[in-house]
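Chains, contacts and geometry: an overview
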Amino acid sequence: MIIKNFSATGFRNIEKCDVTFTPGLNLLHGKNAQGKTNALEGIYIFSRGKSFRAREDGELVGFGKEGFHIRIDYEDKTGEGSLEYSLFGKERQRKRNGYKLKGVSEMLGSFRSVLFYPDNLEIVKGGPEERRSFLNVAISQCYPSYLKCYSDYKKALENRNCLFKFLAKGLYVDKTEIDSWSYSMADYASYIYLMRAEYIKRLAPHAEKILSEISGGAEKIQLVYDSDIEEDIADREAVREEYFKLLLENRDRECAAGVSLFGPHRDDLKIKISGLDSRLYASQGQQRSVVLALKLAEGEVIREMTGEYPVYLFDDVLSELDQRRREYVLSALGDRQIIITSCESEEYERYGANIIEVSGGEYVSAHR
Ligand code: ATP
Ligand code: MG
């Protein structure tokens, strides 16, 4: 699929813009602090449901503005579409093709893109929450219902933890109430587990092939889903039973600990390179290659599941790759749509990029 246009008012440092993209390689080019990442951030909101770097949407409102409005026009194999998102005061509105949407889950799954930005190195270097977040965002684009289920799971988890806190304060808590939250948790957990297990199975062969290509066959990546479910179970009811059993059996231990010790909120995705845990042993160059392989693999899974490649958004990362890997990316992605940001333009000119000059929140295409 491709994005044809991005327009915004009152968003970050963008007073008003209307940016047109071409199907192949697009470059947002400009000095530091001009609005390159701001544009990618606005676009990616439509894939992820929220900003990848703001803690809350209020930060996105331009200084001194009352609110913002952003819109993308895209095209996929079914035709053209548009998505809009605005925030004025407490009033939040999402629209698809001009029609109001009820919530963020309804917005997901229409415009699919893969974002790769410097902080993504945390997927390899950081704690398990970074990898869970990578899985959650990637899966939500393929299965929009996943996000709703995950947030329902988190609510059940919070309620159960709340009861543990009451107990710790010496308040009376009916144990059947804890078990009833355990049942809800187990139910949502079973769906999350199956989605994650399936997703990792799909992702792994692509990541392996891509990393092998990037490293000239030297490196082999292995992705292992680390969850509380030890055997590979494919039946939802059986998984639900397993989780419920775990929560019942460990209820008193969890009461003493004051938190829920089991469930998908503690999952991890183990990333091994040639048998070694990449978090502990990968060099910086290897970490970069692994994240690149995961991101490109994410695009392949989207293609597999939806029949179309997503839009690739690369924020500042290509310039950090060495020449060989940069060429690998640009040639591997070939005719797909890529939007990259960079302070340099020379190399991308050679690739025939559509160059958009970014300055003070204004975007001017060199072709106009
Ligand atoms: P770099 O090359 O350094 O990554 P960039 O072009 O990607 O730069 P952006 O991250 O897009 O820069 O930010 C551009 C400017 O937007 C920054 O100067 C920042 O202060 C400003 N900015 C951020 N949030 C807001 C906001 N809510 N209102 C107005 N300006 C903002
Ligand atoms: Mg930037």
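Residues numbered from 1 in each chain as written. Chains lettered and ligands numbered in written order. Predicted model: local features only at pLDDT ≥ 70, side-chain atom pairs only at ≥ 80, totals over all residues. Heavy atoms only, no water.

Here's the deal with the environment of Ile 192
- Relative to the helices and strands, Ile 192 is located in helix α6 (residues 175–214).
- According to the relative accessible area criterion, Ile 192 is buried, its value standing at 0%.
- Spatially, the C-alpha atoms of Ile 192 and Arg 236 are 10.0 Å apart, while their sequence positions differ by 44 residues.
- Not counting chain neighbours up to four residues away, the residues in contact with Ile 192 comprise Tyr 146, Cys 149, Tyr 150, Tyr 153 and Pro 264. (Helix = DSSP H or I, 4+ residues; strand = E, 2+ residues; numbered from the N terminus. Buried < 20%, exposed > 50% of the residue type's maximum accessible area, 1.4 Å probe, protein only. Contact = heavy atoms within 4.5 Å.)

With respect to the nonpolar core
- Grouped together as the largest cluster of nonpolar side chains are 73 residues, with contacts concentrated most on Leu 223, Leu 294 and Phe 314.
- The biggest single contributor to this core is α6, with 16 residues.
- Of the domains in this structure, domain 1 (1–112 + 310–368) and domain 2 (125–306) are the two that each give at least three residues to this core.
- Within the second largest apolar cluster, 39 residues are counted, among which are Ala 8, Phe 21, Tyr 44 and Ile 339. (Core = buried A, V, L, I, M, F, W, Y, C linked by side-chain atoms within 4.5 Å. Domains from an automatic or database assignment.)

Some words on the site of ligand 1
- Every one of the 16 residues lining ligand 1 counts as a neighbour, but Ala 33, Lys 36, Thr 37, Asn 38 and Val 61 are closest to it.
- In this structure, Ala 33 approaches ligand 1 through a main-chain N or O atom, which is 2.7 Å from an oxygen atom.
- Between Glu 59 and ligand 1, the recorded distance is 3.0 Å, taken from a backbone N or O atom to a nitrogen atom.
- Its free accessible area being 660 Å², ligand 1 has 76% of it covered by the protein chains.
- Residue composition of the shell around ligand 1, grouped by class: 3 nonpolar, 7 polar and 6 charged. (Near = heavy atom within 4 Å. Polar contact = N/O pair within 3.5 Å; in protein donor to acceptor, adjacent residues only side chain to side chain. Areas by Shrake-Rupley, 256 points an atom, 1.4 Å probe, with all protein chains shown as cover. Nonpolar A, V, L, I, M, F, W, Y, C, P; charged D, E, K, R; others polar.)

Notes on the sheet that holds strand β1 (residues 2–11)
- Spatially, β2-β1-β4-β5-β6-β7 is the arrangement adopted by the 6 strands of the open sheet, whose pairing is antiparallel. Every other strand in the sheet has two partners, leaving β2 (14–20) and β7 (99–100) as the edge strands with one partner each.
- Contacts from helix α1 (residues 36–48) reach β1, β2, β4 (67–76) and β5 (79–88), with the element oriented near 110° to β1. (Pairing = 2+ DSSP bridges. Axes fitted to C-alpha atoms, helices over the stretch in contact; angles between N-to-C directions.)

Let's talk about the environment of Asn 13
- Looking at the element boundaries, Asn 13 is found in the loop between β1 and β2.
- Residue Asn 13 is classed as partly exposed on the basis of its relative accessible area of 32%.
- Each C-alpha atom, one on Asn 13 and one on Gly 360, is 7.1 Å from the other, the two residues being 347 residues apart in sequence.
- In this structure Asn 13 touches Ala 33, Gln 34, Gly 35, Asn 38, Gly 360 and Gly 361, once residues within four positions along its chain are discounted.
- A polar contact is formed between the side chain of Asn 13 and the backbone oxygen of Gln 34, at a distance of 3.0 Å.
- Polar contacts involving the side chain of Asn 13 include one to the side chain of Asn 38, which spans 2.9 Å.

Here's the deal with α6
- Relative to the 58 Å expected for 40 residues at 1.5 Å per residue, α6 spans 54 Å between its end C-alpha atoms, a close match to the ideal helical length.
- At Leu 203, α6 shows its maximal bend, which comes to roughly 25°, and the proline Pro 205 appears one to four places after that position.
- Directly after α6, the chain includes Gly 216, whose backbone phi takes a positive value near 60°. (Expected span 1.5 Å × (residues − 1). Bend = angle between axes of the 7 residues up to and from the residue.)

Quick word on the side chain of Ser 51
- Note on placement: Ser 51 falls in the loop between α1 and β4.
- Assessed through its relative accessible area of 4%, Ser 51 is described here as buried.
- A distance of 2.9 Å separates the side chain of Ser 51 from the backbone nitrogen of Arg 53, its partner in a polar contact.
- A distance of 2.8 Å separates a polar atom in the side chain of Ser 51 from the backbone nitrogen of Ala 54.
- Not counting chain neighbours up to four residues away, the residues in contact with Ser 51 comprise Glu 41, Ile 45 and Leu 60.

Notes on the pairing of strand β6 (residues 91–96)
- The pairing of β5 with β6 spans 6 bridges and is antiparallel. Each residue of the ladder has a partner; that of Tyr 85, found in β6, is Arg 94.
- The hairpin turn running from β5 into β6, its antiparallel successor, is 2 residues long, and Gly 89 in that turn takes a positive phi close to 60°.
- In textbook terms, the turn of a hairpin is the stretch between consecutive antiparallel strands, and for β6 and β7 this stretch comprises 2 residues, one of which, Asn 97, has a positive phi near 50°.

Describing empty space enclosed by the protein
- Tallying each qualifying case throughout the model produces 2 cavities of 30 Å³ or more.
- In this model, the largest cavity occupies a volume close to 60 Å³.
- The wall of the largest cavity is formed by Phe 116, Tyr 117, Pro 118, Leu 121, Arg 288, Val 317, Glu 320 and Leu 321.
- Looking at side-chain class alone, the lining of the largest cavity contains 6 nonpolar, no polar and 2 charged residues. (1 Å grid on protein atoms, 1.4 Å probe; cavity = no way out; pocket = protein on both sides within 12 Å on 5 of 7 lines; lining within 4 Å. Points joined across faces, edges and corners; volume = space filled by probe spheres on them.)

Overview of the domain arrangement of the protein chain
- As assigned here, the protein chain comprises domain 1 (1–112 + 310–368) and domain 2 (125–306).
- At the interface, 21 residues of domain 1 touch 20 residues of domain 2.
- Interface area, domain 1 with domain 2, both sides summed: about 1,800 Å², of which 58% is carbon and sulfur.
- Contact with domain 2 buries surface across domain 1, with Arg 112, Arg 325 and Tyr 328 losing the most and accounting together for 33% of the total.
- The interface formed by domain 1 and domain 2 holds 2 salt bridges in total.
- The element best represented in the side of domain 1 that touches domain 2 is helix α11 (residues 323–332), accounting for 4 residues.
- Along the lines of polarity and charge, the residues of the side of domain 1 that touches domain 2 split into 11 nonpolar, 3 polar and 7 charged. (Buried area = accessible area lost by both parts, 1.4 Å probe. Salt bridge = Lys/Arg side-chain N within 4 Å of Asp/Glu carboxyl O.)

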